[in-house]
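So the chains spell out like this:
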Amino acid sequence: PSVCPGDTSVLAGLYGPAEAKISKELPDRAALEVLLRPKVGLPGVLERSREQLLRQTCEAVVLGVLHPRTAISLVLQVLSDAGSLLSCCLNAACMALLDAGLPLAALFCGVTCALQPDGTILLDPTARQEQDARAVLTFAIASSDRKVLMATTKGSCSVEEMQQCLAVSQRAADTIFQFYRDSVRRRYSK
Amino acid sequence: RTVEPLEYYRRFLKENCRPDGRELGEFRTTTVNIGKCSITTADGSALVKLGNTTVICGVKAELAAPAVDSANKGYIVPNVELPSLCAERFRSGPPGEEAQAASQFIADVIENSQMIVKEDLCIANGKLAWVLYCDIICLDYDGNLLDASVFALLAALKNVQLPLVTINEETGLSEVNLKQKNPLIIRKHPVATSFAIFDDTLLIVDPTAEEEDLATGTVTIVTDEDGKLCSVHKPGGSPLTGAKLQDCITRAITRHKEVKKLIDKVIKSITPE
């Protein structure tokens, strides 16, 4: 499924649980692999670090112990980038996991907030707003109890500001989970 | 310990301590070696030992023309390498995901904390600027790579002495004055603190390689001296409440003070050279 908040668009494809290569298989759980392909150019160090973030977030929710010695591959292709790319990838990944019907412990959603130089918090910033901001924080929030699954920050901020952004993101997560429910309902209502 | 590692650890954690005798919130002994004793050919170097984890950082300064769109900025290029000699899980060949993610993390920390402002590295606007190649190599991997790398980078950068470079007005060529050296202007001192999450509840500080394998998640917090957060890095893993995260941050701030004292002590001891 492709997720597009605003103009940022990411296409996600999930393959699995499938046969794993002997070098990659784990004896007690499924091996998760994430590939992030940028819109232009070859994947570089930035994509690798994002892949690691996505992979460990997905590993925390996917019940891998139900499918040992298999491989689950998630491929994300960036179609257009107009800000909030990482949270868009997170949302696309979760929807792909839902669509594939993999057993999950919880759903998660990605929320990005930008901290403006004057202290206001902006949700889902555009690329321009991200550049002007003092700090950009991205959180992955779990659906079960609104706990933080993944956190990344760019730029520096004070501790109180981070807590405020976290609270705002947790509230925003509700809207995104509602969107998940609506899309799944639409898909299966035919 | 080899057959049921998780059970072995759980028994210790129930008593609130760890197999190597540490408390849950205790760090391993940190030793730092700065300057000419580490790498003599580099412009700045440092060797950091966090328990058994050994990381060495060498900084080389070279001259280059700045980019067209940012004519008054120099470059800092960090590179983290995890050679196969440091742990059996790393194979030789192109850098694996962990090394690349670590390199990106270090680049982000430098950028976020504004440790070195790129404008300071510029010599002549649009013509000449410094490029700092920071190579961070892990010699022995026993967990907590990110903390040790950030510490080694900070120590090495404090040790760097840049020769004075002037541009000769008539010939347009640069003249390097090796006799006159100035230290780098370091504005902020970021320090990283890593925690491992066990079973969704317990948080332990400074995990060893064994603990990292058994942990269900990790959190790394980078703070600078004003108590500001330069980076919160939590790559997936078990969910944490906001309160737990706050707890980690307060501990990170305390750790920062200890590390800063250590660095200042070491630098003071080598300057009379």
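Residues numbered from 1 in each chain as written. Chains lettered and ligands numbered in written order. Predicted model: local features only at pLDDT ≥ 70, side-chain atom pairs only at ≥ 80, totals over all residues. Heavy atoms only, no water.

### A look at the UniProt feature "domain: Exoribonuclease phosphorolytic" (unreviewed entry) in chain A
According to UniProt, the "domain: Exoribonuclease phosphorolytic" (unreviewed entry) feature falls on residues 6-103 and 107-171 of chain A. The span residues 107-171 of chain A shows a helical share of 29% and a strand share of 40%, and its end C-alpha atoms are spaced 15 Å apart. (UniProt positions renumbered as here; feature names shortened; annotations may be inferred. Helix = DSSP H or I, 4+ residues; strand = E, 2+ residues; numbered from the N terminus.)

### So, helix H2 (residues 97-113) of chain B
All names here are of chain B. If you check H2, its first and last C-alpha atoms are 24 Å apart, about what 17 residues at 1.5 Å a residue would give, namely 24 Å. The element H2 is extensively covered by neighbouring structure, given that 12 of its 17 residues are classed as buried. Considered for burial, the residues of H2 that qualify are Ala99, Gln100, Ala101, Ala102, Ser103, Gln104, Phe105, Ile106, Val109, Ile110, Asn112 and Ser113. At the exit of H2 stands glutamine 114, carrying a positive phi of roughly 55 degrees. (Expected span 1.5 Å × (residues − 1). Buried < 20%, exposed > 50% of the residue type's maximum accessible area, 1.4 Å probe, protein only.)

### Considerations on the pattern of salt bridges
Pairing of side chains with opposite charge becomes possible as their charged atoms draw close. Tallied over the full model, the rule gives 16 salt bridges over all chains. Of the charged contacts, one joins aspartate 224 of chain B and lysine 188 of chain B as a salt bridge, the two residues approaching to 3.9 Å between their closest N and O atoms. Of this pair, aspartate 224 of chain B sits in the loop between strand E11 (217-223) and strand E12 (229-233) while lysine 188 of chain B sits in the loop between strand E8 (174-183) and strand E9 (191-198); the two residues are 36 residues apart in sequence, bridging distant segments of the chain. A residue is classified by how much of its surface remains accessible, and aspartate 224 of chain B, at 3% relative accessible area, is buried. Look at the salt bridges and you will find they share partners, linking Arg55 and Glu59 of chain A together with Glu97 of chain B into a network. (Salt bridge = Lys/Arg side-chain N within 4 Å of Asp/Glu carboxyl O.)

### A word on the state of the cysteines
Inspection of every chain in the model, using the stated rule, returns zero disulfides over all chains. Unpaired in terms of disulfides, cysteine 157 of chain A finds its nearest cysteine sulfur in cysteine 165 of chain A, a separation of 6.6 Å. (Disulfide = S-S within 2.5 Å.)

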